[in-house]
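Next come the chains, spelled out residue by residue.
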Amino acid sequence: MRRPLQGETDERVSAGVDPAVARRACDEAARVEGADDLELAMAIAGGVAEAVDLWSSVVRHDPTGRRPVRLLLTARYEVWVIGWTEGQVVPLHDHGRSGGARAVVEGRRTESGPDRGGPARRTSGAGSVHPLRAGLIHEVANRRPEPATSIHVYAPPLDTMTHYDESTLEPVHVEHVLDVPLLQSEEASLPAEAVNRG
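Definitions and cut-offs
- Residues numbered from 1 in each chain as written.
- Predicted model: local features only at pLDDT ≥ 70, side-chain atom pairs only at ≥ 80, totals over all residues.
- Heavy atoms only, no water.
- Helix = DSSP H or I, 4+ residues; strand = E, 2+ residues; numbered from the N terminus.
- Buried < 20%, exposed > 50% of the residue type's maximum accessible area, 1.4 Å probe, protein only.
- Contact = heavy atoms within 4.5 Å.
- Salt bridge = Lys/Arg side-chain N within 4 Å of Asp/Glu carboxyl O.
- Expected span 1.5 Å × (residues − 1).
- Core = buried A, V, L, I, M, F, W, Y, C linked by side-chain atoms within 4.5 Å.
- Polar contact = N/O pair within 3.5 Å; in protein donor to acceptor, adjacent residues only side chain to side chain.
- Phe/Tyr/Trp six-rings, centres within 6.5 Å; stacked < 30°, edge-to-face > 60°.
- Lys NZ or Arg CZ within 6 Å of the ring centre and 35° of its normal.
- Pairing = 2+ DSSP bridges.

**Student:** Which residues make up the overall build of the protein, and what values go with them?
**Tutor:** On a plain count of helices and strands, the protein comes out with four helices and twelve strands. Counting across all 198 residues of the protein, residues that qualify as buried make up 48%. Residue pairs at least 24 apart in sequence account for 69% of intrachain contacts in the protein once pairs closer than 6 positions are excluded.

Structure, rendered in structure tokens:
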């Protein structure tokens, strides 16, 4: 699947998701005039979080591995829903040139990352929306026994993620994010490359 060229209006919505619900959630958020990409991403994440019918039937809480589901793809941004079970973690990574936002819609997630003087840690619960600035290096985990669900908006859509050594913060692996199809059916599975997205 190719990405749309600049000026094209190609938008895709996952099968099983009511396109009208997706459109209302994202259109309302996109009306933020003069918003930069982080403000827009936060508005979209908050709007999608409130549109429970959009993501609740497709989120997956699989104890054998995270299963991110791409809900929406446009030339400017993409939206994912990710289910987390106890102990699931994405070690230190960035989102390449993409910024964005994430909203926790169920449970609690812990995010930590390098900071002057030691690691910074934040635990966020349902209802929280936080920006993800381009270049942010963080680890994301569900450290609680109950499942967690989060909505992620990346602008522009992800093309790389760099993974880092926890001790030295040196890059150890650059993951080239392949075009991941929108969910085709309840039985559809994502390629292994997409499972570590966080």
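**Student:** Account for the pattern of salt bridges, naming residues and giving values.
**Tutor:** All told, the structure shown has seven salt bridges when counted by the stated rule. Where Glu-78 meets Arg-70, a salt bridge forms, and the shortest distance between an N and an O atom there is 2.7 Å. Judged on exposure class, the residue Glu-78 and its partner Arg-70 are both buried. Put simply, Arg-122 and Glu-111 hold a salt bridge, and the shortest N to O gap is 3.4 Å. Here the residue Arg-122 occupies a position in strand S7 (residues 120-125), and Glu-111 occupies one in strand S6 (residues 108-113), the gap between them amounting to eleven residues. Residue classification places Glu-111 among the buried positions, given a relative accessible area of 8%.

**Student:** An account of helix H2 (residues 37-50) is needed here, citing residue identities and associated values.
**Tutor:** Over its 14 residues, H2 extends 20 Å from the first C-alpha to the last, a length consistent with the 20 Å expected when each residue adds 1.5 Å. All buried positions along H2 are accounted for by Leu-40, Ala-41, Ile-44, Ala-45, Gly-46, Gly-47, Val-48 and Ala-49.

**Student:** Talk me through the nonpolar core; I want residue IDs and the actual numbers.
**Tutor:** Val-48, Trp-55, Leu-71, Val-79, Val-81 and Ile-151 are the most contacted members of the largest nonpolar core, which totals 23 residues. Residues Trp-80, Tyr-154, Met-161 and Val-177 belong to the second largest nonpolar core, which totals seven residues.

**Student:** Go over the side chain of Ser-124 with me, naming the residues and quoting the values.
**Tutor:** Mapped onto the elements, Ser-124 comes out in strand S7. Classification of Ser-124 by relative accessible area gives buried; the value is 2%. One polar contact links Ser-124 to Arg-102, side chain to side chain, over a distance of 3.3 Å. Discounting chain neighbours no more than four positions away, the residues touching Ser-124 are Arg-102, Val-104, Gly-107, Arg-108, Arg-109 and His-130.

**Student:** Go over the packing of aromatic side chains with me, naming the residues and quoting the values.
**Tutor:** By the definition in use, this model includes zero aromatic pairs. Residue placement shows Arg-66 over the ring face of Trp-84; its charged tip is 4.2 Å from the ring centre.

**Student:** I'd love a proper account of the pairing of strand S3 (residues 78-84), names of residues and values included.
**Tutor:** The element S3 is extensively covered by neighbouring structure, given that seven of its seven residues are classed as buried. Neither face of S3 is open: one carries Glu-78, Trp-80, Ile-82 and Trp-84, the other Val-79, Val-81 and Gly-83, and all of them are buried. Pairing between strand S2 (residues 69-73) and S3: four bridges, direction antiparallel. Its bridge partner being in S3, Leu-73 is matched across the sheet by Glu-78. Counted between consecutive antiparallel strands, the loop separating S2 from S3 contains four residues.

**Student:** Describe unusual backbone geometry, and please don't skip the residues or the numbers.
**Tutor:** The step from Ala-155 to Pro-156 runs through a cis peptide bond, and the omega angle for that step is -10°. Within the element layout of this structure, Pro-156 appears in the loop between strand S10 (148-155) and strand S11 (160-164). At Leu-169, a residue that is not glycine, the phi angle is positive and equals roughly 65°.

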